[in-house]
Amino acid sequence: MNEYVFIPSYISMSMTFVIPFKGNKKLAKLAKKIDKSKRIQALYKASNVMLVTRRNYTDHGYVHIKIVANAALKILRTLVKAGVKPSIVEDYKMSKEDAEVVVFLGACLHDIGNAVERNRHDETGAFLAYQVMEELLEDYRDRKSTRLNSSHIPLSRMPSSA
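Residues numbered from 1 in each chain as written. Predicted model: local features only at pLDDT ≥ 70, side-chain atom pairs only at ≥ 80, totals over all residues. Heavy atoms only, no water.

1. Some remarks on the environment of Leu76
Here comes step 1: Looking at the secondary structure, you find Leu76 in helix α3 (residues 62-81).
Here comes step 2: With 24 residues separating them in the primary sequence, Leu76 and Glu100 have C-alpha atoms 7.4 Å apart. (Helix = DSSP H or I, 4+ residues; strand = E, 2+ residues; numbered from the N terminus.)

Written out as structure tokens, the structure is:
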């Protein structure tokens with residue numbers, strides 16, 4: 001199985017999230033857990049209520065996550081193909097598949113802080129993501145390293161232009 005159609009229950013069937021697993025069973029398992037997580041679904045929905053409904057801002061729920069997660073995996077795979085060794089492989093002696101899990105997980109959780117507030121959503125999101133990852137990674141071999149590295153992603157953002 002090379003792909004999994006990722007459809008959170010609160011999204012209509014026309015919204016599909018096709019992730020190219022390319023044989024990465026760890027990534028496939030994680031995507032299924034995210035799909036079934038009521039907590040993550042609630043955070044995506046609350047992010048859009050906070051931003052789209054209340055602040056007339058752009059989507060930061062499921063559609064945004066779908067785009068970011070696929071783009072993040074594509075960028076990582078392009079870099080690996082070009083010979084770049086992911087830091088989690090270099091520093092923690094984990095596999096390329098583990099690096100994909102870290103990037104995918106970070107992409108899926110990078111904006112969940114918007115469920116609480118926008119201005120410091122990165123900091124709030126890192127706190128929320130760290131808690132959510134405990135649930136998602138409960139049976140993962142190197143849960144601690146994966147969780148620590150994925151929790152950096154909500155804090156990684158472009159500097160303000162102001």
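2. Some words on a nonpolar patch on the surface
Here comes step 1: A surface patch of nonpolar side chains, amounting to about 260 Å² of accessible area, comprises Ile75, Leu79 and Val84.
Here comes step 2: Mapped onto the secondary structure, Leu79 falls in helix α3.
Here comes step 3: On the basis of relative accessibility, which here comes to 41%, the residue Leu79 falls in the partly exposed class. (Patch = residues over 30% accessible without salt bridge, like charges linked within 9 Å, V, L, I, M, F, W, Y side chains within 5 Å. Areas by Shrake-Rupley, 256 points an atom, 1.4 Å probe, with all protein chains shown as cover. Salt bridge = Lys/Arg side-chain N within 4 Å of Asp/Glu carboxyl O. Buried < 20%, exposed > 50% of the residue type's maximum accessible area, 1.4 Å probe, protein only.)

3. Structural notes on the pattern of salt bridges
Here comes step 1: Taken as a whole, this structure holds four salt bridges when the rule is applied.
Here comes step 2: In this structure, Lys33 and Glu138 form a salt bridge, with 3.8 Å as the shortest nitrogen-oxygen distance. Within this pair, whereas Lys33 is found in helix α1 (residues 25-36), its partner Glu138 is found in the loop between α6 (121-136) and α7 (143-151), the two being separated by 105 residues in sequence.
Here comes step 3: As a salt-bridge pair, Glu100 and Arg77 come within 2.9 Å of each other at their nearest N and O atoms. Placement of Glu100 in helix α5 (residues 96-109) and of Arg77 in helix α3 is noted, with a sequence separation of 23 residues between them. Accessibility classification places Glu100 together with Arg77 in one group, the buried group.

4. Thoughts on the packing of α1 against helix α2 (residues 38-55)
Here comes step 1: Look at α1 against α2: their axes get within 5 Å of each other, and the N-to-C directions meet at 65°. Classed by the angle they form, the pair α1 and α2 counts as roughly perpendicular. Note on element contacts: α2 touches α1 through Lys38, Ile40, Gln41 and Tyr44, opposite Ile34, Asp35 and Lys36.
Here comes step 2: Tallied by class, residues from the contact of α1 with α2 come to three nonpolar, one polar and three charged. (Axes fitted to C-alpha atoms, helices over the stretch in contact; angles between N-to-C directions. Parallel < 35°, antiparallel > 145°, perpendicular 65-115°, else oblique. Contact = heavy atoms within 4.5 Å. Nonpolar A, V, L, I, M, F, W, Y, C, P; charged D, E, K, R; others polar.)

5. Focus on the environment of Lys29
Here comes step 1: Along the chain, Lys29 turns up in helix α1.
Here comes step 2: Look at Lys29 and you get partly exposed, because its relative accessible area is 44%.
Here comes step 3: Spatially, the C-alpha atom of Lys29 lies 9.6 Å from that of Leu136, the residues being 107 residues apart in sequence.

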